[in-house]
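# A closer look at the structure
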Amino acid sequence: MSSSSGNNDRPGVPPRMSAGSLPDDFPSVQFGVQSGKGRRVGALARYVFAATLVRSADGGAVVAIVLLAHAQGMPGWVAGLLGASITAPHLLGPFIARRLDTARDGRTVIALSAVLHGVLLGAAALLLPVTGAIWPAVLLFVSGIFGPMLTGGISSRLPSIAGPGQRSQRRAQSWDVASYGLSGTLGPAAVAWIAATSDPLTATLVLAGAAVVGAGAVLALPKQEPPGNPEDVPSPVRTLLLIWNRGPLRRTLALTVTVAFSVAALPIYAVAVAPAFGGAAAGGTLVAAYGIGNLLGSAGLMIRPLRRDADLLMSSLAAVVAATLVLVMFTPTLTTALPAFALAGIANAMFFAATLAARSEYAPTEIRGQVFIWVGALKITAGSAGTAVAGAAITHTVWAPLLLATVFTATAATTTTLQRHHSQRASNQSP
């Protein structure tokens, strides 16, 4: 095994020299991509376009299928199961991710995933009115397996596009955070608009087409050379063990999962407090404020990227997320709740950018794709679990989900901080 094995728990020190760890003026070519500023800007623009397009197709798929099922007169529980057929298989995505780290050209792996996702989604939509729910559910399940390739998989391409300097890397990661925010808004919004002006089937087919077009945009990205011998790339299970054995990556995974679980309570809380804030529309307004805050946070990071060690930043920003959840919980009116939700969105955007930096800077190059996809897939799973737990907890009292989320997030931030300090002391005391 190469440098991907072993236990590296030294805070702030990547397992090997990566693109994010080099000074801004490093005058070399990294991963076969020339570090000229103009060329990097063009490549980053193509990256944002491609990432937003394929992620919009992934993010809007659940809304499209649920609307289509309702339009066919299917019960709500069937529509819910069809939606879950897309999201649940994301957990299986890491088991096909090794191909991304061993392929001669990783762009083709992501592009093929986007095409398959779009084709299967479109086929399921066309079959649903004809065959009922069973066969479309099977197709949607298979399409969901490719979802992590369109989120974490494409993010793993960013280090070779952004340039070798840490500042350029972190600024590019803020654009990636914006891509996630835009796609999470544009996908469902486009589906709702097309379904309202035409019909849900058309909306779903347009979304499927966007995935196929996005595949072509992915192929227009700069080529990234394979990191080394494919035989040195570990299996998915071995990669997960390596993530857990490396202190910075373990903390990245733990904090990402915890914060995803926690912020998933915000939409549930928004809907629950909407009647007290003036009506059902207030819930949507609060969720929109959170989304706007997320975009504002990523925009701020484009101007002033994160500068400190990513491992330390994650714990600090997780604590900030916990603080904003407390603020949301104690806002008594809609006027005060709107900025509180926006602040939570800003904090989460900054935290997410720190996790992207950590994945990029601490993952050995031969498993970078798998690291991105493992963390992303488990994040989505945690978010789904957080939504379910929040829905159950809110039956007791309206503030219970946010209280639970705050405790979890604050505990994770404290625990990872203590672990980092312990590892640092142990490293300093070792001969």
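The structure under discussion appears in the preceding block.
This structure is a prediction, so every number in the text was calculated from the model and none was measured.

Procedures and definitions
Residues numbered from 1 in each chain as written. Predicted model: local features only at pLDDT ≥ 70, side-chain atom pairs only at ≥ 80, totals over all residues. Heavy atoms only, no water. Helix = DSSP H or I, 4+ residues; strand = E, 2+ residues; numbered from the N terminus. Buried < 20%, exposed > 50% of the residue type's maximum accessible area, 1.4 Å probe, protein only. Phe/Tyr/Trp six-rings, centres within 6.5 Å; stacked < 30°, edge-to-face > 60°. Axes fitted to C-alpha atoms, helices over the stretch in contact; angles between N-to-C directions. Parallel < 35°, antiparallel > 145°, perpendicular 65-115°, else oblique. Left-handed = near helix turned anticlockwise from the far one by under 90°. Contact = heavy atoms within 4.5 Å. Nonpolar A, V, L, I, M, F, W, Y, C, P; charged D, E, K, R; others polar. Patch = residues over 30% accessible without salt bridge, like charges linked within 9 Å, V, L, I, M, F, W, Y side chains within 5 Å. Areas by Shrake-Rupley, 256 points an atom, 1.4 Å probe, with all protein chains shown as cover. Salt bridge = Lys/Arg side-chain N within 4 Å of Asp/Glu carboxyl O. Expected span 1.5 Å × (residues − 1). Core = buried A, V, L, I, M, F, W, Y, C linked by side-chain atoms within 4.5 Å.

### Here's the deal with the overall build of the chain
Within the chain, the secondary structure is distributed over 17 helices and 0 strands. Expressed as a percentage of its 431 residues, the buried residues of the chain come to 53%.

### Describing the packing of aromatic side chains
In this description, an aromatic ring pair is defined by two values, namely the gap between the centres and the angle between the planes. Here the structure, examined in full by the defined rule, presents 3 aromatic pairs. Both rings, one in Phe95 and one in Trp374, keep their centres 5.6 Å apart while their planes meet at 70 degrees; by these two values the pair is edge-to-face. Linking Phe95 in the loop between helix 2 (76-87) and helix 3 (98-102) with Trp374 in helix 16 (residues 368-393), this pair joins segments that are 279 residues apart in sequence. Pairing Tyr180 with Phe352 gives two aromatic rings, centres 4.9 Å apart and planes at 75 degrees, and the pair type is edge-to-face.

### A few points about the packing of helix 12 (residues 265-273) against helix 13 (residues 281-303)
Following both chains from N to C, one finds helix 12 and helix 13 inclined at 150 degrees, their axes separated by 8 Å at the closest point. Overall, the two elements helix 12 and helix 13 adopt an arrangement that is roughly antiparallel. In the packing of helix 12 onto helix 13, the handedness of the crossing is right-handed. Of the residues in helix 13, those in contact with Leu266, Pro267, Ala270, Val271 and Val273 of helix 12 are Gly283, Leu286, Val287 and Tyr290. Tallied by class, the residues present in the contact of helix 12 with helix 13 amount to 8 nonpolar, 1 polar and no charged.

### A word on the environment of Thr239
Tracing the sequence through the fold places Thr239 in helix 10 (residues 236-245). For the pair Thr239 and Gln370, spaced 131 residues apart in sequence, the C-alpha separation works out to 7.1 Å. With sequence-adjacent residues up to four places away left out, Thr239 is seen in contact with Pro234, Ile367, Gln370, Val371 and Trp374.

### Remarks on a nonpolar patch on the surface
A contiguous nonpolar surface patch, about 930 Å² in accessible area, is contributed by Leu92, Phe95, Leu127, Ile134, Trp135, Val138, Phe141, Val142, Val237 and Leu241. At the level of secondary structure, the elements contributing two or more residues to the nonpolar patch comprise helix 5 (134-145) and helix 10. Ranked by residue count, the leading element in the nonpolar patch is helix 5, at 5 residues. Within the element layout of this structure, Val237 appears in helix 10. Val237 sits in the partly exposed class, given a relative accessible area of 48%.

### Section: helix 13
Given a rise of 1.5 Å per residue, 23 residues ought to cover 33 Å, and the 33 Å separating the end C-alpha atoms of helix 13 matches this to within 8%. Listed in full, the buried residues belonging to helix 13 are Ala282, Gly283, Leu286, Ala289, Tyr290, Gly293, Asn294, Gly297, Ser298, Leu301 and Met302. Among the structural elements, helix 8 (166-197), helix 11 (247-263), helix 12 and helix 15 (334-362) are those in contact with the buried residues of helix 13.

### Examining the nonpolar core
Of all hydrophobic cores here, the largest spans 55 residues; its most connected members are Leu266, Val328, Phe341, Phe351 and Leu402. Listing elements by their share of this core, those giving two or more residues are helix 10, helix 11, helix 12, helix 13, helix 14 (310-329), helix 15, helix 16 and helix 17 (400-429). With 14 residues, helix 15 is the largest single contributor of residues to this core. Among all residues touching Phe341, those that are not within four sequence positions of it are Leu266, Tyr269, Ala270, Leu286, Ala289, Tyr290 and Val328. Residues Leu44, Ala114, Ala172 and Val218 belong to the second largest nonpolar core, which totals 26 residues.

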